[in-house]
Amino acid sequence: MREQYRSTPLLETELAPTPMDQFVRWFHDAVTAGLHEPNAMVVATATPDGRPSSRTVLLKEYDSRGFVFFTNYESRKGREMAANPYVSLLFPWHPIARQVVVTGTASRIGRDKTAAYFRSRPHGSQLGAWASRQSSVISSRQELLHAFEELADRYPAGEQVPAPPQWGGIRVEPQTVEFWQGHQDRLHDRLRYVRIDEGESDGGEGWRVERLAP
């Protein structure tokens, strides 16, 4: 079970000025290549005493400030981010031999943006956000379906469903962003942007690039 990656080298001279600009390029490549759910990413969180957990979520927005996804704030990841905001994101684009690894800090986005996104979701997904007490123990699948059916009666199709107060957006502001390109003989390229403090940047973009050994 070994793959010999054959691809074009990733060179420092070809990188975009900022990691988010470079992410735009690679995300476009992943979409163009026809990857299934290229916005799927693994979010890793940890408790204050360092016990980690991870899960796959869908990236819903990205801009110069970072990466946004939505979740139940009372879920395991929600509680862990509230207690310890340091997180990691991983985009595993295996079919094109690429990965993007982000480390940064998580914070909640405004309720207005959460409400706007919630209104764009399918009706069933809106009800599901209310029905599921994410990460809590339930007695059976029937319990979940019963809660969903009760909500469907209260909010029939076409009726506006309010965004749950315990549900909303999280923005991860990156501190480092690594772009990994696989190559033959394990001579992979790993270029990592590292955020520079204002005092170090001398008016530049606020990022330096490091090459890591594979």
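To be clear, the structure that these remarks concern was listed above.
1. Examining the pattern of salt bridges
Under the counting rule described, the total for this entry stands at twelve salt bridges. Here Asp63 ties to Arg65 by a salt bridge, and the two come within 3.1 Å at their closest N and O atoms. For Asp63, a relative accessible area of 23% translates into the label partly exposed. One salt-bridge network, in which partners are shared between bridges, spans Glu12, Asp189 and Arg211.

2. Remarks on the nonpolar core
Of all hydrophobic cores here, the largest spans 31 residues; its most connected members are Phe23, Trp93 and Val100. Looking at this core, the elements that each hand over two or more residues are α1 (19–32), β1 (40–46), β4 (66–72), β5 (86–93), β6 (98–108), β7 (167–181) and β8 (189–195). Among the elements that take part in this core, α1 stands out by supplying five residues, more than any other. When neighbours within four sequence positions are excluded, Val100 is seen to be in contact with Phe23, Trp26, Leu89, Leu90, Phe91, Trp93, Val177, Glu178 and Phe179. Counting twelve residues, the second largest nonpolar core, distinct from the first, contains Phe70, Ile109, Tyr117 and Trp167.

3. Considering the packing of aromatic side chains
On inspection of all chains with the given rule, the structure shows 15 aromatic pairs. Between the aromatic rings of Phe70 and Tyr117, the centroid separation amounts to 4.1 Å while the plane-to-plane angle is 15°, which identifies the pairing as stacked. In this pair, Phe70 is assigned in strand β4 and Tyr117 in helix α3 (residues 111–120), connecting sequence segments 47 residues apart. For Phe70, a relative accessible area of 14% gives the class buried. The buried category is assigned to Tyr117, whose relative accessible area is 18%. Seen from their ring centres, Tyr117 and Trp167 are 6.2 Å apart, and the 10° between their planes marks the pair as stacked. Residue Tyr117 is found in helix α3, and its partner Trp167 is found in strand β7; the two are separated by 50 residues along the sequence. With relative accessibility at 6%, the residue Trp167 sits in the buried group. Aromatic ring contacts, followed pair by pair, group Phe23, Phe27, Tyr62, Phe67, Phe91 and Trp93 into a single cluster. Between Arg98 and the ring centre of Trp26, over which it is positioned, the NZ or CZ distance is 4.1 Å. Between Arg108 and the ring centre of Tyr73, over which it is positioned, the NZ or CZ distance is 3.8 Å.

Cut-offs used in this document
Residues numbered from 1 in each chain as written. Predicted model: local features only at pLDDT ≥ 70, side-chain atom pairs only at ≥ 80, totals over all residues. Heavy atoms only, no water. Salt bridge = Lys/Arg side-chain N within 4 Å of Asp/Glu carboxyl O. Buried < 20%, exposed > 50% of the residue type's maximum accessible area, 1.4 Å probe, protein only. Core = buried A, V, L, I, M, F, W, Y, C linked by side-chain atoms within 4.5 Å. Helix = DSSP H or I, 4+ residues; strand = E, 2+ residues; numbered from the N terminus. Contact = heavy atoms within 4.5 Å. Phe/Tyr/Trp six-rings, centres within 6.5 Å; stacked < 30°, edge-to-face > 60°. Lys NZ or Arg CZ within 6 Å of the ring centre and 35° of its normal.

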